Every structure is written in structure tokens, then in C-alpha cells.
Protein chains: 2
Amino acid sequence: MVGNIIVGQSGGPTAVINSSLVGVFQTAKDRGAVKAYGMLHGIQGLLEGKYIDLEDHIKSDLDIELLKRTPSAYLGSCRYKLPEIGENDEVYNRIFETLYRLGIKGFFYIGGNDSMDTIRKLSDYGEMIGANIAFMGVPKTIDNDLAVTDHTPGFGSAAKYIGSTVKEVIRDGRVFDANMVTIIEIMGRNAGWLTGASALARGEDCDGPDMIYLPEIPMDVGDFLQRIGELQKNKKAIVVAVSEGMKLADGRYVCELTDTVAFVDAFGHRSLTGTARYLADQVARRYGCKTRAIEFNTLQRCSAHMASRVDITEAFQVGGAAVKAAFEGETAKMVVLKRLSQDPYQCATETYDIHEIANVEKTVPPEWIDEDNKYVTPEFLNYVRPLIQAELSPIMVSGLPRHLYYDLK
Amino acid sequence: MVGNIIVGQSGGPTAVINSSLVGVFQTAKDRGAVKAYGMLHGIQGLLEGKYIDLEDHIKSDLDIELLKRTPSAYLGSCRYKLPEIGENDEVYNRIFETLYRLGIKGFFYIGGNDSMDTIRKLSDYGEMIGANIAFMGVPKTIDNDLAVTDHTPGFGSAAKYIGSTVKEVIRDGRVFDANMVTIIEIMGRNAGWLTGASALARGEDCDGPDMIYLPEIPMDVGDFLQRIGELQKNKKAIVVAVSEGMKLADGRYVCELTDTVAFVDAFGHRSLTGTARYLADQVARRYGCKTRAIEFNTLQRCSAHMASRVDITEAFQVGGAAVKAAFEGETAKMVVLKRLSQDPYQCATETYDIHEIANVEKTVPPEWIDEDNKYVTPEFLNYVRPLIQAELSPIMVSGLPRHLYYDLK
């Protein structure tokens, strides 16, 4: 492939999304791309003509190392939903005019479900008009809810952060000789992968959470309160992990029982928050004991200082594999990870038709949820454990991790 | 000194309180203490006859290294207020009977303001009855609000966590090309040391928080909202750090404007939470933009994985210095840190009369608060920066930090 490439980042950021950016950038340059552009704020920024020449900003091997360790999206992100093809030609015209003008032969989009919808539409449109541009999706999401791929880069680091932090919170919660219930709220609106990862805290030196509530199973608040009472008979410090997306049997979100102001994004996703606080208040009212509601909030997706080395490496690999596939003539694909071996853990990249991935959500399989004991099964933990292994030490400057910084304004 | 020693941990835990425990234990054994006991749940547990022989549990050099890296109080903690001397002899009798029975010659208590009140009363009582036991306070608190000492062990690690995490949150908050206001709530009910530490995030690669609200200055919510509006004219992603203890001019806590269930502990401290959420809701209602309320909650005091090496070392030193002083005949003292040199940073230990420390709260000096710009001054940062330097890598097992664990039930 002779020509230029462009890469964008989209959706919620992760601790390792910039490692994928590095993977795309380095591999494209190594394979002879003349220019490597970065769109600012994804497709939304590209529509406004916002992009940069990556070589103006990533100038050294040290920059590469810093960028691998920089959380959040270096290029900025967006939650922009492309119109269906035929609904608004103006949008597509503007995008393709820009791509032609920049001499783009390969278009890479690092993102989750919604972002793969963008790749699907652009590749369909490109094929329709005979654009001769490869469109490739690079998987990314802490939620781990993308179809086909064994797991998604970003998930392992968030899981490692959650496991470590839940362990520290459990350690903290049990110091006082008094009844105390801590409810930890974890991201993942429909898929319980991250909430389940709280079970990683359980080990030789830690009990782990006492209960884990995944969004795959509707929540019965009365039953929850009764279980808390049962647990308190044998233990003073109870810690429960719940998904932000917990729903009642009638379909309402648990957090809708609170009075928080809510927002809805372009894809119709409601901002969810307050589940832990609501449940903690219910426990306090019922049992009169001290409670804490802890929301990991964005910390769980941006804690690059606790990133998994396996995750950083795989994030780089999926970026590089997307470029390799495009240079070899593939398009309308997403790179997927395939687990070749569980023990020892080995994983390889493949590519997969974007049409079978976009907008499909992968939740935790029922057989990995222990509904009786409100926990995940050992199989769930066997699946997650390899993804949180090893570290890539932050580059510390003056006591804090140093990042590579582009001023998005 | 021939005999045995006993050590306890009290008040809110920190990431390095166990390093002080190691400092007391190792130094006491090195100097010839026969037995080193640990009271479980501090003075409250001792009153119930709960203590352990530390050598039964800290058995190897590896245990020592793990304990230095274990957050929260290994021995458990308490918030128990001793009665005034003369009010309840029964309590004092029970404590001193236990100390006599165990052949205790040195009593070490690792804690903050309230814990120093315990040391003051016990040493006064011990002197009154001629007990011949040394009572020494070992400073500990993330809040950094103890008098006389330059700073307190526990503060540096919390400050390092806060600086790092605020930086990651800022990075995360600016990815979308939309107005967004993030309010971060930080511990410290009357003293703004930790909230001020959020300014550490500012550097060559990060703007830092846009405003910092310390509890030393009453908050005007109307003025706050107006400042947010001003900031939004030039910047889309605004990040503000606020103390959990923010008060209005009329003396009420900002978080009292919410409807959260509250608890009051034995020292009359009210559980404070909800300040960030309240302010974020006000911003959302006024400006209609997306907001986030992030509470660092207990994470900021238990994040041993991000502990400062300077802090861990000093925590060990103050424990050891307390034992050394007791063995040399001192009592009714707290160990304090004295900064000998700022550049290069050097710090030494001294001892100080406990009566002049207990119940005195050290807040941020007014000249280190830039009230106009809602920030801390460079002098504040010069003071904090040396305390967050360097790391002590966690001992990672199976992807997570390993801790030393005592089953407190």
C-alpha cells in the first residue's frame, strides 16, 4: 500500500488506548506509510477538519514509551453516531473529501461497540463509491463487551485496577471493630465483566468481596438486604461489589430510585450513577450500621499507573495487526484476539467481518455466574487472571507518572 | 530497659501505618525487648484483653517487607476516647493491670490527634500511680494536621496518590469535545493539606485542577458557580478539587445541603460525604452541562500500591525513634519530624511533650492559600513535593499486590 493513513480514538477512554495508537503509528511507519495522521476527537473532529500529523508530536522513542503509559485518548475522543447511509450524504461526502485530500489509504478507528458501527458504515459507504480505502476497527473498551474477540484491550488494566483497589478497600474496611457495610460501584452498564473482576481480590491474603452483583441478573433489593443481615451474623466488615447498571425485575435501573440529574448521550446511553449510594442508604436505614458507598468512577478506566503489561502489549498488537491487515488488502474488519492456550497463556490476533461485530454486546455467560452465592465462578477468574499479569512501570518525574500530552484545548 | 513492649494502631488507617508498626517492632527487638505485643483494635481491644505476640505473626524478612507494603492497620484500629482521669478509674485500672501482667515497660501508640489524647491521658495516669512505663506517641495521619511535627507519615503517600489520580482524572475528563465539569472530593475535614495536594498534578504535562477549595476558607456556592461560568468561556473540561469538609459562611457543612444519612463517632466527628455531588448537581442545573462527582473516599488512604518511598521510610523511622527514646528513659512524648533542609530534602526525628500536641489541629497557613485564584501557592507545593518522592514497588503475586494479613474476624 502506498499512501497515507489516519487513525482516531472513539468512545470511553481506557488506560491503554494510546498503546493501540502507538501500535498503529509505528507499524504504519515501519511498513512505509508516508504520512500518519491522527483525527482529533475521532470522526466528529474529522468532520470539522481537525487532525494532526502524528510525526509532529510523537518524535522520539521516549515519546513512544510515554504514550504507551498515558491514560485516556491522546487524540481526544467522541461519541458521534454516523447517520445511516442514505440518510445524510453530506456527512459522508465531507468525510471522504477529507480522506481523498489527505491521500488516505488506510483508516483505523480504535473503539468499542459504537465505534465499530462507524467503521461498518464508512466501509460500506466506501465500497459503494469505490473509494479504495481500507477501513479497520481496533478493539478497545474496558467493558469487554465486544463480540467475537476473546477479550478487549483496556479490560485487563481496568480489571487489575479493580482487583487491587477492591483488595485495598477490603483491607481498609475491616480495621474497626464495628459493623460496617461497604458497597463498591463498578462500571459496565449491561455486561458484568468489570464487576466480576472484583473477585480477583480474593486470595491467600484476602477474603475478596462478600457478594458480587452483575447486571446480567435483575436485582431484588429486599433479598439483598436480607443477605446483608445474614452475612453480618458472622462478620463485621461486609464488602459488596455492584454494577452501575443494576436493574430491578421491572426493568428500571436501581439508580433511578435516587434523585440524581441524568444525561443521555448520542447513542441513547443514560448516565448511570448512584446505585451504591442508594443501596448503602437502604442498609443504613435497615440495620443502623455505618456504611460506605464507593464509586470507582473514571478512576477504573484511567489508572495507567496500575495498567497490566499483558494488556498494554495486546493493545499495541491489535493496533499493529490492523495496519498489517490493511496493508495486505483487508478492509471492513475488526482485529480480534484469539486465545490459543490458557496455560501457559497465549493469544494471537485475527481479523473478523465488522458487520458481525458492530452493535453486538457480549455479556458474562450465565454459567460463569453463581447466582446462589452471588459470585462469579472459578472459570470466570481463570478467564480474567492472565489478562492482569505483570506491569509496565510508570516513568516517574518529580514523584508522579509522566504522560505524553497533546493540548486538546 | 529490660522488659516487654506493646504497640497499637488507632484512628483512620493509612498506606504506611504498618511501616511504623515494623519500625517499632524491629527496633524494640534489636534493642533487647523480650516480648513485643500488638494490641488488637488499639486501646479498645486492649481493654477487652485482645492482643497478640507479634513474633507469632511477623516471622521473616519477607513478612517485614510485605507488612511495609500493606495498607490499613494490620492490628486493627479504634476510635475510642478514654475518659478523663478521675471520671472512670475502672477503665484505667483494667488497662494498667493488663500492662503489669504483660510486663510492659514501653507502650507505643501509632495515631493522629485523638490517639495522642490517649497517650497524654495514659502517661498522666501512669505518672500519677508511679507505673514506670514509657508512653510514646508515633505520629500518623493522612490529614497532616498534627501540631509541631513538620508533617505526618501517611500524608506523603496520600498526597502522591491524590496528585497522580487527579492527573489521570484530568486526562480522562478532557477527551470529549464538550463542556464537562468534574468535582473531586478529597478528605480532610478542617485541614486542607490533602485537597491542596491535588495541585501536584500541575506540571509540564498537565494543567492541574482549575480551582482548589480548602476547608480553611468558607465557601460561597454562588461565587463558585459564577467562577465555573467564567472558566467555561475559555475551556471545556473544568476540574475542581474540594475538601469533604467545605463549610458555608454560616458554619453549616456544604454536604449538609444533601439528604445523606450521617453518622457521628465517639469523638463527635460527623461523617462527611456528598459535597462534590451537591456542587456537581448545582453546576448541572445552572449550566446544563455534563458533570461528574468523584469521591476519592478511602482509596486515598489505603492506596499502598502508590505509596511514597520517602513516606514509608519516615513512617518506619518515627516508629523506631519512639522505641529508642523510650529505651533511653523518655515518656509522655510524641516523635516529631523536623525538616533540616529543603533542598536537598533532609528530615530528622525529635521528641516533643505530648501535652502540647494532643487535640491541637494544624491547618494550612493562610499565606499558602491563594484565595483570589482559588489555589495553593508555590510555597505549599515546595513543602509537599519532597514528601511524595520515589516508590517502593509492591510485591506482585498473580497480578495483584500481596499484603501481610492478620485475620481480625
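Scoring rules and cut-offs
Residues numbered from 1 in each chain as written. Chains lettered and ligands numbered in written order. Predicted model: local features only at pLDDT ≥ 70, side-chain atom pairs only at ≥ 80, totals over all residues. Helix = DSSP H or I, 4+ residues; strand = E, 2+ residues; numbered from the N terminus. Buried ≥ 20, exposed ≤ 12 C-beta atoms within 10 Å, placed from the backbone. Domains from an automatic or database assignment. Contact = placed C-beta atoms within 7 Å. Nonpolar A, V, L, I, M, F, W, Y, C, P; charged D, E, K, R; others polar. Pairing = 2+ DSSP bridges. Axes fitted to C-alpha atoms, helices over the stretch in contact; angles between N-to-C directions. Core = buried A, V, L, I, M, F, W, Y, C linked by C-beta atoms within 7 Å. Least-squares fit on C-alpha atoms with pLDDT ≥ 70 in both. Parallel < 35°, antiparallel > 145°, perpendicular 65-115°, else oblique. Left-handed = near helix turned anticlockwise from the far one by under 90°. pLDDT = per-residue confidence, 0-100. Expected span 1.5 Å × (residues − 1). Right-handed = clockwise from strand over helix to strand, strands pointing away.

Each helix and strand in chain A was counted, giving twelve helices and 15 strands. Over its C-alpha atoms, taken along the principal directions, chain A stretches across nearly 70 × 45 × 40 Å. Taken across its 409 residues, chain A has 58% of its residues classed as buried.

All right, on to the domain arrangement of chain A then. All names here are of chain A. Taken as a whole, chain A is organised into domain 1 (4–143 + 304–358) and domain 2 (155–302). Using only C-alpha atoms to locate each centre, domain 1 and domain 2 end up separated by 33 Å. Domain 1 puts 19 residues into the contact, and the matching count from domain 2 is 18 residues. The class makeup of the residues in the side of domain 1 that touches domain 2 is ten nonpolar, four polar and five charged.

Residues and elements named next belong to chain B. Strand order in the open sheet formed by four strands is β7-β8-β6-β9, with parallel pairing between adjacent strands. The open sheet is flanked by β7 (211–213) and β9 (290–295), the only strands paired with a single partner. On average, each strand axis in the sheet is tilted by 15° relative to the strand beside it, whichever way the strands run. Across the sheet, helix α9 (residues 275–287) touches β6 (180–186), β8 (237–243) and β9, and the angle it forms with β9 is around 175°.

On to the nonpolar core, then. Ranked by size, the top nonpolar core spans 258 residues in total, and within it A:Phe108, A:Ala322, B:Phe108 and B:Ala322 carry the most contacts. The residues touching B:Ala322, leaving out its near neighbours within four places in the chain, are B:Val24, B:Phe108, B:Met136, B:Val138 and B:Val335.

This part covers unusual backbone geometry. Cis rather than trans, the peptide bond between A:Asp343 and A:Pro344 has omega equal to 5°. As for its position among the elements, A:Pro344 is in the loop between β10 (333–342) and β11 (345–353). Notably, A:Asn144 is not glycine yet its phi reads approximately 60°, a positive angle. On the secondary structure map, A:Asn144 appears in the loop between β5 (134–139) and α6 (155–173). Even without glycine at this site, B:Asn297 takes up a positive phi of about 50°. With respect to the helices and strands, the residue B:Asn297 is situated in the loop between β9 and α10 (299–302).

Interfaces are often sized by the amount of accessible area the parts lose when they come together. On the side of chain A, 58 residues touch chain B, which itself brings 57 residues to the contact. Contributing elements (two or more residues each) for the side of chain B that touches chain A: α2 (42–47), α6 (155–173), α9, β9, α10 and β15 (400–401) of chain B. With nine residues, α6(B) is the single largest residue contributor to the side of chain B that touches chain A.

Quick look at the relation of the copies chain B and chain A now. Mapping chain B onto chain A leaves a residual RMSD of 0.0 Å; the transformation is a rotation of 180° accompanied by 0.0 Å of translation along its axis. Such a combination of turn and shift is consistent with a two-fold rotation axis. When C-alpha distances to the rotation axis are compared across chain B, the minimum falls at B:Glu295, with a value of 3.7 Å. Looking at chain B, 100% of its interface residues are interface residues in chain A too, so the copies touch through the same face.

All names here are of chain B. Locating Gly-229 in the fold gives a position in helix α8 (residues 221–232). Note on Gly-229: 12 C-beta atoms within 10 Å, which makes it exposed. Each C-alpha atom, one on Gly-229 and one on Tyr-287, is 7.8 Å from the other, the two residues being 58 residues apart in sequence.

Residue and element names in this part refer to chain B. Mapping Val-91 onto the fold places it in helix α4 (residues 89–101). Separated by 102 residues in the primary sequence, Val-91 and Trp-193 have C-alpha atoms spaced 35 Å apart. When neighbours within four sequence positions are excluded, Val-91 is seen to be in contact with Leu-47, Leu-82 and Pro-83.

Once that is clear, we can look at the sheet that holds strand β10 (residues 333–342) of chain B. Strand pairing within a sheet occurs via backbone hydrogen bonds; the two strands may be parallel or antiparallel. Residue and element names in this part refer to chain B. Spatially, the seven strands line up as an open sheet ordered β3-β2-β1-β4-β5-β10-β11, and their pairing is mixed. In this open sheet, the two strands that pair with only one neighbour each are β3 (51–53) and β11 (345–353). Neighbour-to-neighbour, the strand axes of the sheet open up by a mean angle of 25°, direction not taken into account. Looking at chain direction, strand β1 (residues 4–9) and strand β4 (residues 104–111) are connected through six bridges and run parallel. From the neighbouring strand, Asn-4 faces β4, where its bridge partner is Ile-104. Strand contacts of helix α11 (residues 309–327): β4, β5 (134–139), β10 and β11, with the helix running at about 165° to β5, the strand carrying the most contacts.

Residues and elements named next belong to chain B. Running from N to C, helix α1 (residues 17–30) and α11 point in directions that differ by 40°, and their axes come no closer than 7 Å. When the axis of α1 is compared with that of α11, the two are oblique. Judged by the sense of rotation from one axis to the other, the crossing of α1 with α11 is right-handed. Along its contact with α1, which presents Ser-19, Ser-20, Leu-21, Val-22, Gly-23, Val-24, Thr-27 and Ala-28, the element α11 presents Ile-312, Ala-315, Phe-316, Gln-317, Val-318, Gly-319, Gly-320, Ala-322, Val-323 and Lys-324. Residue classes in the contact of α1 with α11 are distributed as ten nonpolar, seven polar and one charged.

Attention shifts here to the confidence of the model for chain A. Looking at chain A as a whole, the pLDDT averages 95, with 96% of positions reaching at least 70. For this predicted complex, the interface confidence reaches an ipTM of 0.96, while the overall pTM sits at 0.97.

Bringing helix α5 (residues 113–128) of chain B into the picture now. With 16 residues, α5(B) extends 23 Å between its outermost C-alpha atoms, agreeing within 8% with the 22 Å of an ideal straight helix rising 1.5 Å per residue. In terms of burial, α5(B) is largely enclosed, as 13 of its 16 residues are buried.

All names here are of chain B. Judged by how many residues are buried, β5 sits mostly within the fold: six of six residues are covered. When β4 meets β5, the two strands line up parallel, connected through six bridges. In the sheet register, Tyr-109 faces β5, and the bridge partner there is Gly-137. Once you follow β4 into α5 and on to β5, the crossover reads as right-handed. Examined bridge by bridge, β5 and β10 share two bridges and lie parallel to one another. Within β10, the residue paired with Met-136 across the bridge is Lys-333.

With that out of the way, let us pick up the pairing of β8(B). Residues and elements named next belong to chain B. With respect to burial, β8 is a largely interior element, seven of its seven residues being buried. Judged by which residues are buried, β8 turns out to be covered on both faces: Ala-237, Val-239, Ala-241 and Ser-243 on one side and Ile-238, Val-240 and Val-242 on the other are all buried. Relative to β8, β6 runs parallel, the two sharing seven bridges. From the neighbouring strand, Thr-182 faces β8, where its bridge partner is Val-239. Alignment of β7 against β8, held across three bridges, turns out to be parallel. Bridging from a neighbouring strand, Tyr-213 pairs with Val-242 of β8. Taken together, β7, α8 and β8 constitute a β-α-β crossover, and its handedness is right-handed.

All names here are of chain B. Tracing the backbone shows Ala-249 in the loop between β8 and α9. Through-space distance from the C-alpha of Ala-249 to that of Ile-217 is 8.7 Å; in sequence the pair is 32 residues apart. Other than its neighbours up to four places away in sequence, Ala-249 contacts Pro-218 and Asp-220.

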